Amino acid sequence: MTNSAKNIRQAAGAGEPLDAVDERLLAALVADARISNKQLAELVGIAPSTALMRTRALSERGIIQGFEAKLSLSAIGRSVQALIAVRLRAHDREQIDRFTSRVPRLPAVLSTFHTSGSVDYLLHIAVATTEELRDWVLDNLATDPVVGHTETTLVFEHIQGNHGPLPD
């Protein structure tokens, strides 16, 4: 068993462990989330009804968290990407809750990472221009009394990694 397969099995937690069929279903869906159920069943070597039932069960167990459309940021006018390191002024529950209830839901925010180390959060945002980036930081972070410090890094290229289990 590969390390990725071991990690997948451990991710199943206390519930029913993942078997080889589940792992093949997940690998196929990670490779192509738009695959038809019939094609998925053929690829994995099971009946379409079984593929549907198992995929639904994987979703209900929280292993499959959803399916989403991936947009071209430049095609929708948001070609300027940045990573913004954020340090909060204090580390109390009230300030953390205030920050996490507001900032990740702002339209420009693609991802929010709560981190350890010298910064508390790392934000991945996308906007149309560098001027809009500057204004976004000023309007949403610099003027927020919870935020103590920010550091903005422009993203020249975003190279996607894997989105799920790696095939053997």
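As a reminder, the structure under discussion sits directly above these lines.
In this text the structure is predicted, and so the values were computed from the model without any measurement.

Student: I'd like a description of the overall build of the protein, backed by residues and values.
Tutor: Per the secondary structure count, the protein includes six helices and four strands. Beginning at the N terminus, the succession of helices and strands in the protein can be written as α-α-α-α-β-α-β-β-α-β. Counting only residues that meet the buried cut, the protein has 32% of its 168 residues in that class. Expressed as a percentage of contacts within the protein between residues at least 6 apart in sequence, the contacts between residues at least 24 apart total 64%. Of the roughly 10,900 Å² of accessible surface on the protein, a fraction of 53% belongs to carbon and sulfur atoms.

Student: Describe the nonpolar core, with residues and values.
Tutor: I84, V86, F99, I125, W136 and L141 are the most contacted members of the largest nonpolar core, which totals 21 residues. If you list the elements that add at least two residues to this core, you get β1 (80–88), α5 (93–102), β3 (121–127) and α6 (130–142). Sort the elements by how many residues they give to this core and β1 lands first, with five residues. Counting residues in hydrophobic clusters, the runner-up holds 14 residues, among them L29, I35, A41 and L58.

Student: Hey, could you go over the pattern of salt bridges for me, with residue numbers and the actual values?
Tutor: Overall, the coordinates contain seven salt bridges when judged by the stated rule. Salt-bridge contacts for R93 lead to D97; the nearest nitrogen and oxygen are separated by 3.5 Å. With R93 and D97 both in helix α5 and four residues apart, the pair spans about one turn of that helix. A residue is classified by how much of its surface remains accessible, and D97, at 36% relative accessible area, is partly exposed. Note that D144 is salt-bridged to R102, the shortest N-O span being 2.6 Å. You can see D144 sitting in the loop between α6 and β4 (147–155) and its partner R102 sitting in helix α5, a full 42 residues away along the chain.

How each quantity is defined
Residues numbered from 1 in each chain as written. Predicted model: local features only at pLDDT ≥ 70, side-chain atom pairs only at ≥ 80, totals over all residues. Heavy atoms only, no water. Helix = DSSP H or I, 4+ residues; strand = E, 2+ residues; numbered from the N terminus. Buried < 20%, exposed > 50% of the residue type's maximum accessible area, 1.4 Å probe, protein only. Contact = heavy atoms within 4.5 Å. Areas by Shrake-Rupley, 256 points an atom, 1.4 Å probe, with all protein chains shown as cover. Core = buried A, V, L, I, M, F, W, Y, C linked by side-chain atoms within 4.5 Å. Salt bridge = Lys/Arg side-chain N within 4 Å of Asp/Glu carboxyl O.

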